[in-house]
Amino acid sequence: MHYFCKKNTVNIYIRLMNLSERDLIYNWHPYTQHKTATAFPAIVKAKGVYLWDENGKEYIDAIASWWVNPFGHSNTVIAKAIYKQLLTLEHVLFGGFTHKPAVLLAEKLMEILPSNQKKIFYSDNGSTAVEVAIKVAFQYFYNKGIKKSKIIAFEDAFHGDTFGAMAASGISFFTEAFQGSLLEVVRIPVPVSGKENESINALKNLVKTGEFASFIFEPLVQGAAGMVMYDAKYLDQMIAICKQNNVFTIADEVMTGFGKTGKTFATDYLQNKPDMMCLSKALTGGTIPMAITTFTQEIFHGFFDDDVNKALFHGHTFTANPTGCAAAIASISLLQTPKIQTNIQTINKQHLAFQEKIKHHPKVATTRVLGVIFALEIKVETQQSYYGSLRNKMYNFFIENGILLRPVGNIIYILPPYIITKKQLQKVYFTIEKALEIV
């Protein structure tokens, strides 16, 4: 009896605390050193570009909540599609069954994907989409009796946190604890200005060895590296080199997909199309976790055999979740509307105007813009760590001023929802200008 009374007293005490304080008792947050972390704002509602915490403070979500929410929070079109699907078929296993939302979504994606993409494999998130692609590349050659045990990736890439995706990632502090337990990956420079030939020549030398199953890349923009951008024509050359040497190409469009670069997919800027594509984040408009890996018919045929052992033995409990499929169908429909397409172009024009204004600021080293993505690099005397003091100082400044931005080292980037207004975006720009005064 005494135990239950004591436990009840503790529970009553906890309930008297605010959400931010209660959160730290049990929850373990991603990318967080909890010993030095303070309590996080507790978001209780969101609408459009705005978030509100438990104290009523308002924030502009200027990064679309890690790039997933292009149509604004609590979007009624997507919410209604989810609600309708929940009342019809919330979930059914995809092993041995199919369902209408999965069929309709596949058909809708085929209308907007590059024409060489013919097959769709559903999973749960960006990391698993990449994991599927890497496994497929290895098994395709294994099924044919060919040993290819390595992959090629860019320096400073980020492809996710599961083991295959983590192996392909090049930001060291995400992976250093697991070295020796990862797939063998050889990294080449990103073909940014001044390194184009070095990058292409490195790829040529590697693919000639016959040891590599695939080359994985974030097309045109490396998100987690700080929105590092490079020209499409060099990626076109690299894809052509891989095709000539029987190395599959994997476009990780988890961040860039669904309008971020100004086109539906970053690969829409390319003449040569990748063999596989990885999609997630904005796929469902920031609602239901879902991911997709797409493939050419040739790759699918590498598994199409009388031998059951040549099948792709990979799956997830919530593969092709009907509710997620319904959300994705609604999200893609929104993306295709003239209003959203116009908004994307309007944001791009505003970014370009802000770039002209800020690029000569004495504290600004470089700026870059592609589609709705804006990035600004602050001049620093010493190299800044990913989660270093400068980054934390800027992040806290933005939060204090009601703007959600997550700087990467000394790089500030904006990747807003497509529904953000000119006035709201101007407030974001103004706050960045104020932040430069404190660094």
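Just so it is clear, the structure is predicted and the values come from calculations on it, not from any experiment.

*Asks:* What should I look at first to understand the nonpolar core in this one?
*Replies:* Within soluble globular proteins, side chains that are nonpolar tend to cluster in buried spots. Residues Leu109, Phe215, Phe258 and Leu405 are the most contacted members of the largest nonpolar core, which totals 105 residues. With sequence-adjacent residues up to four places away left out, Phe215 is seen in contact with Ile152, Ala153, Phe154, Ile188, Leu203, Leu235, Met238, Cys242, Val247, Phe248, Thr249 and Ile250. Ala129, Tyr140, Ile151 and Ala167 belong to the second largest nonpolar core, which has 28 residues in total.

*Asks:* Any chance you could explain helix α6 (residues 126-143) here in plain terms?
*Replies:* Here α6 contains 18 residues, and its C-alpha end-to-end distance of 26 Å stays within 8% of the 26 Å for a straight helix at 1.5 Å per residue. The element α6 is largely enclosed, with a buried count of 16 among its 18 residues. Between the side-chain oxygen of the N-cap and the backbone nitrogen of Ser127 there are 2.9 Å, and the N-cap of α6 in question is Asn125. Just beyond α6, the residue with positive phi is Gly145, at close to 75°.

*Asks:* So what exactly am I meant to see when it comes to the pairing of strand β1 (residues 43-47) here?
*Replies:* Put simply, side chains in a regular strand alternate between the two faces of the sheet. By the bridge criterion, four bridges tie β1 to strand β2 (residues 50-53) in an arrangement that is antiparallel. Bridge pairing links Lys47 to Tyr50 in β2.

*Asks:* How should I be thinking about the pattern of salt bridges in this particular structure?
*Replies:* Charged atoms that come close allow side chains of opposite charge to pair. Tallying each qualifying case throughout the model produces eight salt bridges. The shortest N-O distance in the salt bridge between Lys310 and Asp305 comes to 3.9 Å. On the basis of relative accessible area, Asp305 is assigned to the partly exposed category, the value being 44%. Lys434 serves as the salt-bridge partner of Glu437, at 3.7 Å between the closest nitrogen and oxygen.

The rules we used
Residues numbered from 1 in each chain as written. Predicted model: local features only at pLDDT ≥ 70, side-chain atom pairs only at ≥ 80, totals over all residues. Heavy atoms only, no water. Core = buried A, V, L, I, M, F, W, Y, C linked by side-chain atoms within 4.5 Å. Buried < 20%, exposed > 50% of the residue type's maximum accessible area, 1.4 Å probe, protein only. Contact = heavy atoms within 4.5 Å. Helix = DSSP H or I, 4+ residues; strand = E, 2+ residues; numbered from the N terminus. Expected span 1.5 Å × (residues − 1). Polar contact = N/O pair within 3.5 Å; in protein donor to acceptor, adjacent residues only side chain to side chain. Pairing = 2+ DSSP bridges. Salt bridge = Lys/Arg side-chain N within 4 Å of Asp/Glu carboxyl O.

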